[in-house]
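Per-entry structural report
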Amino acid sequence: MAESYALTETTYYILLALVQPRHGYGIMQVVEEYSQRRIRLAAGTLYGALNALVEKGWIVLLPPQEGSRRKEYRITEDGLMILQEEIARLKELYENGEAILKGEK
Amino acid sequence: MTKTLYRWFWVWDFEKEEQWFNEMAEQGWVLESVGFCRYTFRQCEPGEYTVRMEMHPYEPEYIEFMEETGAELVGRVFQWIYLRKKTSDGEFNIFSDIDSRIEHLQKIARVLMIIGFMNIAVGLLNAFNPTHVGFLNMMCAALLMYGLGRIHGKTEALENSRQIHE
């Protein structure tokens, strides 16, 4: 689990969206909302990312709900850990940026 | 009312093909069905639809996923799928980051490469055929290699910008 690479915005926001179980379209909508319409995930990009994240074990496909054909996904423990590491990394970037530009460092 | 037009687009010009569909849609003609070099358009409100195309091997699950997001499959030709979405249902793009655009180009490059090598192999086998078919295969291979170069150029431009931002 020594994953030291930065996550892409796409990956980061998908993981964040999947802290709650959601289907593809739901992810697109909530990411647009979180980012104040800055990021509009396109379906092809999202589909590829979801498959890659399932393969990594960071998210899981939930058993199908009765009466719905839509596939729902949710973040796993591993995914949550990755997300926490990423937030710590972003915090470091952010704090250094603020401090240096304010002349505190 | 519908109308059918016949056009040829090189694979490496797929963006031009897509642009043509959207110009047609702007003028009130939406892509209704596709065939090899054959495009049928149906009359619509000007700007009612956005049309996109992607090289994506046949995968019913993918089409279902696209449909969930409000897009509609217009048709398939070889490995290409043609999709459309009402502009009133929001912006329609297939890709929203550099990485997935690069992946798409690499997919196209792989297919061109396979067909190119097949032509070289068949060309060599036919080299001693008195009908000179082998020569035609080599011409095809050369053309495909040119296309590969064009796709590679697009990929490289994206990779350069990927070094600086997402």
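As the structure is a computational prediction, the values presented were derived from the model and not from experiment.

We now examine a nonpolar patch on the surface. Residues and elements named next belong to chain B. A surface patch of nonpolar side chains, amounting to about 730 Å² of accessible area, comprises W8, W10, F36, F78, L143 and Y146. With respect to the helices and strands, the residue W10 is situated in the loop between strand 1 (2-6) and helix 1 (14-26). Overall, the relative accessible area of 35% leaves W10 in the partly exposed class.

Between chain B and chain A, the contact holds 18 residues from the first and 19 residues from the second. The junction of chain B with chain A conceals about 1600 Å² of combined surface from both sides, 51% of it contributed by carbon and sulfur atoms. Summed over the shared surface of chain B and chain A, the number is two salt bridges. Top element by residues in the side of chain B that touches chain A is helix 2 (residues 60-68) of chain B. It accounts for six residues. When grouped by side-chain class, the residues that make up the side of chain B that touches chain A number five nonpolar, four polar and nine charged.

Before going further, it helps to spend a moment on the sheet that holds strand 5 (residues 72-77) of chain B. Residues and elements named next belong to chain B. In space, the three strands of this open sheet follow the order 4-6-5, with antiparallel pairing throughout. The open sheet has two edge strands, strand 4 (49-55) and strand 5, and neither has a second partner. Strand-to-strand, the axes of this sheet are offset by a mean angle of 20°, without reference to chain direction. With seven bridges joining them, strand 4 and strand 6 (residues 80-86) adopt antiparallel strand pairing. Bridged to Y49 within strand 6 is K86. Set on the sheet, helix 1 makes contact with strand 4 and strand 6; between it and strand 4 the angle comes to about 160°. Along the sheet, helix 3 (residues 98-125) contacts strand 4 and strand 6; its crossing angle with strand 4, the most-contacted strand, is approximately 50°.

Within the structure shown, the criterion is met by 17 salt bridges over all chains. Note that A:K71 and B:E61 form a salt bridge whose closest N and O atoms lie 3.4 Å from each other. Separated into two different chains, A:K71 in the loop between strand 2 (59-61) and strand 3 (72-75) and B:E61 in helix 2 make up a pair that spans both. Here B:E72 ties to B:R84 by a salt bridge, and the two come within 2.9 Å at their closest N and O atoms. A residue pair is termed long-range when its members are at least 10 positions apart, and B:E72 in strand 5 and B:R84 in strand 6 qualify at twelve residues. Among the residues examined, B:E72 registers a relative accessible area of 34% and is labelled partly exposed. Exposure remark for B:R84: the relative accessible area of 6% places this residue in the buried category. Residues joined in a network through salt bridges with shared partners are A:E32, A:R37, A:R40 and B:E91.

To continue, consider the domain arrangement of chain B. Residue and element names in this part refer to chain B. Per the domain assignment, the segments making up chain B are domain 1 (2-89) and domain 2 (98-162). Summarising the inter-unit geometry, the C-alpha centres of domain 1 and domain 2 are found 24 Å apart. With eleven residues of domain 1 at the interface, the matching set in domain 2 holds eleven residues. Summed over both partners, the interface of domain 1 with domain 2 buries about 990 Å², with 75% contributed by carbon and sulfur atoms. Looking only at domain 1, the three residues that lose the most surface to domain 2 are W12, F14 and M55, adding up to 63% of its buried area. Where domain 1 meets domain 2, there are two salt bridges. Across the pair E15 and K154 runs a salt bridge, and its minimum N-O distance is 2.6 Å. Across the contact surface, domain 1 and domain 2 share three residue pairs in polar contact (both at pLDDT 80 or more). Within the residue set of the side of domain 1 that touches domain 2, elements represented by two or more residues are helix 1 and strand 4.

What counts, and at which threshold
Residues numbered from 1 in each chain as written. Chains lettered and ligands numbered in written order. Predicted model: local features only at pLDDT ≥ 70, side-chain atom pairs only at ≥ 80, totals over all residues. Heavy atoms only, no water. Patch = residues over 30% accessible without salt bridge, like charges linked within 9 Å, V, L, I, M, F, W, Y side chains within 5 Å. Areas by Shrake-Rupley, 256 points an atom, 1.4 Å probe, with all protein chains shown as cover. Salt bridge = Lys/Arg side-chain N within 4 Å of Asp/Glu carboxyl O. Helix = DSSP H or I, 4+ residues; strand = E, 2+ residues; numbered from the N terminus. Buried < 20%, exposed > 50% of the residue type's maximum accessible area, 1.4 Å probe, protein only. Contact = heavy atoms within 4.5 Å. Buried area = accessible area lost by both parts, 1.4 Å probe. Nonpolar A, V, L, I, M, F, W, Y, C, P; charged D, E, K, R; others polar. Pairing = 2+ DSSP bridges. Axes fitted to C-alpha atoms, helices over the stretch in contact; angles between N-to-C directions. Domains from an automatic or database assignment. Polar contact = N/O pair within 3.5 Å; in protein donor to acceptor, adjacent residues only side chain to side chain.

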